[in-house]
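Survey of secondary and tertiary structure
One letter stands for each residue in the lines below.
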There are 2 protein chains.
Amino acid sequence: METYSIGDLSRATGVKATTIRFYEAEGLLPTASRTAGGHRVYDLAHLDRLGFIRHARQLGFGMEDIRELLRLADAAPEAPCEGADAIARRHLAAVRERLARLRSLEAELERMTYCHNGRVAECRVIEVLTDAAHGHCADPTHGGPDR
Amino acid sequence: METYSIGDLSRATGVKATTIRFYEAEGLLPTASRTAGGHRVYDLAHLDRLGFIRHARQLGFGMEDIRELLRLADAAPEAPCEGADAIARRHLAAVRERLARLRSLEAELERMTYCHNGRVAECRVIEVLTDAAHGHCADPTHGGPDR
DNA sequence: TATGGGACTTCCAGTGACTGGAGGTTCAAG
DNA sequence: CTTGAACCTCCAGTCACTGGAAGTCCCATA
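Below you will find a few notes about this structure. (Residues numbered from 1 in each chain as written. Chains lettered and ligands numbered in written order. Predicted model: local features only at pLDDT ≥ 70, side-chain atom pairs only at ≥ 80, totals over all residues. Heavy atoms only, no water.)

What follows is about the overall build of chain A. For chain A, the count of helices and strands is six helices and two strands. Counting helices and strands in the order they occur from the N terminus, chain A gives α-α-β-β-α-α-α-α. Counting all 147 residues of chain A, 44% fall into the buried class. Taking contacts inside chain A between residues at least 6 apart in sequence as the whole, the part at least 24 apart equals 50%. If you sum the accessible surface of chain A, you get close to 7,700 Å²; carbon and sulfur atoms cover 52% of it. (Helix = DSSP H or I, 4+ residues; strand = E, 2+ residues; numbered from the N terminus. Buried < 20%, exposed > 50% of the residue type's maximum accessible area, 1.4 Å probe, protein only. Contact = heavy atoms within 4.5 Å. Areas by Shrake-Rupley, 256 points an atom, 1.4 Å probe, with all protein chains shown as cover.)

Below, the structure written as structure tokens:
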């Protein structure tokens with residue numbers, strides 16, 4: 001059976017070796033077997049699972065969600081998959097919320113960057129920020145937790 | 001002159017007392033004077049500055065950017081404000097990048113949540129994630145650093 | 001078989017922007 | 001004067017890694 005070092009796995013998936021070790025410590029990847037000297041040894045199953053994790057992360061799922069998705073993926077194929085669906089829907093809703101906030105941020109930032117080569121006295125950027133102290137901000141949409 | 005406790009400031013701005021202390025420790029807010037017993041005492045200038053910081057945070061500026069914006073806001077009114085403009089433009093560009101990534105995430109999440117009440121064997125969510133291990137993901141847009 | 005150097009190991013601290021808790025002190029109303 | 005809410009400091013935890021230090025292993029070449 002073909003085996004891989006942590007470096008092979010890293011090059012194959014684009015996930016750094018430190019991050020792979022981190023995933024193992026967090027229980028997302030099963031513990032690898034070791035050489036006599038203590039180096040980690042992986043196989044195809046690890047490669048697939050790491051790909052799964054990487055893609056889920058790219059889609060913005062948190063580690064708790066990924067843990068759950070992995071549990072579901074490992075479950076019997078006839079098991080119902082409402083769980084996975086629910087996680088994805090919940091995440092989609094969160095993404096849409098962030099989109100809405102970001103769009104409103106974009107609009108306000110566009111408005112404030114009309115200041116060109118002015119002086120601080122007439123700077124829109126400083127002005128908008130300063131006036132906020134007195135509650136002149138029209139759009140409260142971007143008030144939630146960001147990023 | 002009217003003075004405020006940290007609680008007054010917190011209620012007035014919606015910023016938690018712990019966060020206000022944190023801003024002081026980070027140098028965003030000037031150190032408050034104290035009562036004989038050691039409680040912080042604020043004035044209007046603090047209130048304004050905290051409003052400035054809060055709004056900048058809501059707009060997604062990082063603390064380093066805010067430090068710079070505060071420096072600029074405190075500068076002589078005749079000083080040029082290219083700096084503030086540059087920060088805002090840079091941030092706008094970052095926001096637009098995040099928007100693009102989020103839109104592509106939204107699209108892929110939409111595609112994968114078509115799975116309703118199926119079984120794991122035919123679950124789109126699990127499937128999409130699993131296949132990613134073999135590189136079948138069409139859209140690489142959401143590969144960058146997210147959130 | 002020896003050696004050199006790149007890949008690997010563990011452990012720990014740092015990131016950003018807070019948040020929460022423990023354990024103790026101060027303030028202001030009654 | 002008493003009570004209890006608000007305040008104080010210090011420290012650890014959050015999330016998903018990342019980087020460094022100090023040491024060990026593996027393997028290709030000589």
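Residue position: Val 95 of chain B is located in helix H5 (residues 82-112). Under the relative-accessibility criterion, Val 95 of chain B is labelled buried at 0%. The spacing of Val 95 of chain B and Gly 60 of chain B is 35 residues in sequence and 8.5 Å in space, taken between C-alpha atoms. Those residues in contact with Val 95 of chain B that sit more than four places away from it in its chain are Leu 102, Glu 106 and Leu 109 of chain A.

This paragraph deals with the protein's contact with DNA strand C. Every one of the 18 residues lining DNA strand C counts as a neighbour, but Arg 21 and Arg 40 of chain A together with Thr 19, Tyr 23 and Arg 57 of chain B are closest to it. Restricting the count to atoms of DNA strand C within 4 Å of the protein gives a sugar and phosphate share of 90%. One of the backbone N or O atoms of Gly 37 of chain B is found 3.0 Å from a phosphate oxygen in DNA strand C. Listed by contribution, the elements that provide at least two residues to the surface near DNA strand C are helix H1 (6-13) of chain A together with helix H2 (17-25) of chain B. Of the residues forming the surface near DNA strand C, the biggest block, three residues, is contributed by H2 of chain B. (Near = heavy atom within 4 Å. Polar contact = N/O pair within 3.5 Å; in protein donor to acceptor, adjacent residues only side chain to side chain.)

What follows concerns the packing of aromatic side chains. Residue and element names in this part refer to chain A. Counted under the stated rule, the structure contains two aromatic pairs over all chains. Each ring, one from Phe 22 and one from Tyr 23, has its centre 6.0 Å from the other, and the planes form 45°; the classification is tilted. With a relative accessible area of 8%, Tyr 23 lands in the buried category. (Phe/Tyr/Trp six-rings, centres within 6.5 Å; stacked < 30°, edge-to-face > 60°.)

Here the focus is the pattern of salt bridges. Oppositely charged side chains are able to pair whenever their charged atoms sit close together. Counting across every chain of the model gives 19 salt bridges over all chains. Arg 71 of chain B is the salt-bridge partner of Glu 68 of chain B, the closest N and O atoms lying 3.1 Å from each other. Taken as a pair, Glu 68 of chain B and Arg 71 of chain B lie in helix H4 (residues 63-74) at a separation of three residues, close to a single helical turn. The exposed category is assigned to Arg 71 of chain B, whose relative accessible area is 54%. Arg 89 of chain B is the partner of Asp 85 of chain B in a salt bridge, and the nearest nitrogen-oxygen pair spans 3.2 Å. Residue Asp 85 of chain B and its partner Arg 89 of chain B are both found in helix H5; the two are separated by four residues, about one turn of the helix. Via salt bridges that share partners, Arg 96 of chain A together with Glu 106 and Glu 110 of chain B belong to a single interconnected network. (Salt bridge = Lys/Arg side-chain N within 4 Å of Asp/Glu carboxyl O.)

On to the protein's contact with DNA strand D, then. Near DNA strand D lie 18 residues; those nearest to it are Thr 19, Tyr 23 and Arg 57 of chain A together with Arg 21 and Arg 40 of chain B. The contact atoms of DNA strand D, taken as those within 4 Å of the protein, divide so that sugar and phosphate hold 92%. In this structure, a phosphate oxygen belonging to DNA strand D sits 2.7 Å away from a side-chain N or O atom of Arg 57 of chain A. Contact between DNA strand D and Met 63 of chain A: a phosphate oxygen at 3.3 Å from a main-chain N or O atom of the residue. Counting residues per element, the ones that place at least two in the surface near DNA strand D are helix H2 (17-25) of chain A together with helix H1 (6-13) of chain B. It is H2 of chain A that provides the largest number of residues to the surface near DNA strand D, a total of three residues. For the surface near DNA strand D, the per-class residue count stands at four nonpolar, nine polar and five charged. (Nonpolar A, V, L, I, M, F, W, Y, C, P; charged D, E, K, R; others polar.)

Worth remembering: the numbers are spatial, not functional.
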